[in-house]
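# Inside the fold
Letter by letter, the chains look like this.
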Amino acid sequence: MPEMPEVQGLVDFLGERAAGRTITRTSIGAIAALKTFDPPNTALHAATITGATRHGKFVDLTCGDDLHLVFHLAKAGWLRWYDELPTTLIKPGKSPIAVRVALDDGSGFDLTEAGTKKSLAVYVVRDAQDVPGIARLGPDPLDDAFTREVFAGLLEGRRMQIKGLLRDQGVIAGIGNAYSDEILHAARMSPYAIAGTLEDDEVDRLFTALQDTLREAVAEASGKPPADLKDAKRRGMQVHARRGEACPVCGDTVRSVFFADRSLEYCPTCQTGGKVLADRRLSRLLK
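Residues numbered from 1 in each chain as written. Predicted model: local features only at pLDDT ≥ 70, side-chain atom pairs only at ≥ 80, totals over all residues. Heavy atoms only, no water.

Our focus in this paragraph is the packing of helix α3 (residues 148–155) against helix α6 (residues 200–221). Each pair of packed helices can be described by the angle between their axes along with the distance between the axes. Running from N to C, α3 and α6 point in directions that differ by 115 degrees, and their axes come no closer than 10 Å. For the element pair α3 and α6, the recorded crossing hand is right-handed. Listed contacts from α6 to Arg148, Phe151, Ala152 and Leu155 of α3 are Asp200, Val203, Asp204, Leu206, Phe207 and Leu210. Its residues assigned to classes, the contact of α3 with α6 comprises seven nonpolar, no polar and three charged. (Axes fitted to C-alpha atoms, helices over the stretch in contact; angles between N-to-C directions. Helix = DSSP H or I, 4+ residues; strand = E, 2+ residues; numbered from the N terminus. Left-handed = near helix turned anticlockwise from the far one by under 90°. Contact = heavy atoms within 4.5 Å. Nonpolar A, V, L, I, M, F, W, Y, C, P; charged D, E, K, R; others polar.)

As structure tokens, then:
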């Protein structure tokens, strides 16, 4: 799933390549992906893209004076850029292409989604805050206003596991399964630690790990075209999706805990005092 660093990479790329270009055509390949009807997607035609911004994991393209093309790539979505956009006809339901956007210089991009579970979401709105997912977002962890004190306030009193809190978009915007694993590994913290019970030094450690992990990942994504962003993400991972490999910090074996539709990865030596966490499908989680 694309998370904040990859989405920021896409925003930077689109800000350089698409800003200043006029949309000539939008083609819908997956009707279910388009979540709005007023304004219609055709309202984007002849609108000039004036900028690209990010809200959590949402990409927001400002189009003309009062329109926004907003999309969320969900679990299996991606953006495919073309300097020369293909002229082949998109047949709804017959390809992974959900939306195609053509620009006036012949370039453009497709929003694609692999797999059978379709969650990619596209919105045409007059205000980005009209997108429900954006309106519910918590603060951005790389915003200058996101201080250690703000972070501590978000943790205070919460009886939820820290892994789940980091992934909760209503608490903190932009972090998903992969980077929450990486942040917790860097902080040397169990994914099942209870947020509201962390000591001051643990909050300090977690805040530093959060900031450092995300800033390094954003820097790594910067300047890369969409086709290279996924590989860059994989190369930067210390534990996520590295089950069975050696932890790069201590050499212990990276372990997984599996859930219905995802897994988490962690290092027992670095994070849980050597304890192997029980598989949630089989028994109670170890604290």
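Here Val125 shows up in strand β8 (residues 121–125). Those residues in contact with Val125, other than ones at most four positions away along the chain, are Thr36, Pro39, Asp66, Leu67, His68, Val70, Asp130 and Val131.

Of note, the amide linkage connecting Asp38 to Pro39 takes the cis form, showing an omega dihedral of 0 degrees. Of note, Pro39 is situated in the loop between β1 (23–28) and β2 (49–55). Despite not being glycine, Ala74 shows a phi value in the positive range, around 55 degrees. Relative accessible area serves as the criterion here: at 8%, Ala74 is assigned to the buried category. Backbone geometry at Arg188 places phi at a positive 55 degrees, although glycine is not the residue there. As for its position among the elements, Arg188 is in the loop between α5 (177–186) and α6. For Arg188, a relative accessible area of 49% puts it in the partly exposed group. (Buried < 20%, exposed > 50% of the residue type's maximum accessible area, 1.4 Å probe, protein only.)

Take it as geometry only, folks, not as evidence of what the structure does.
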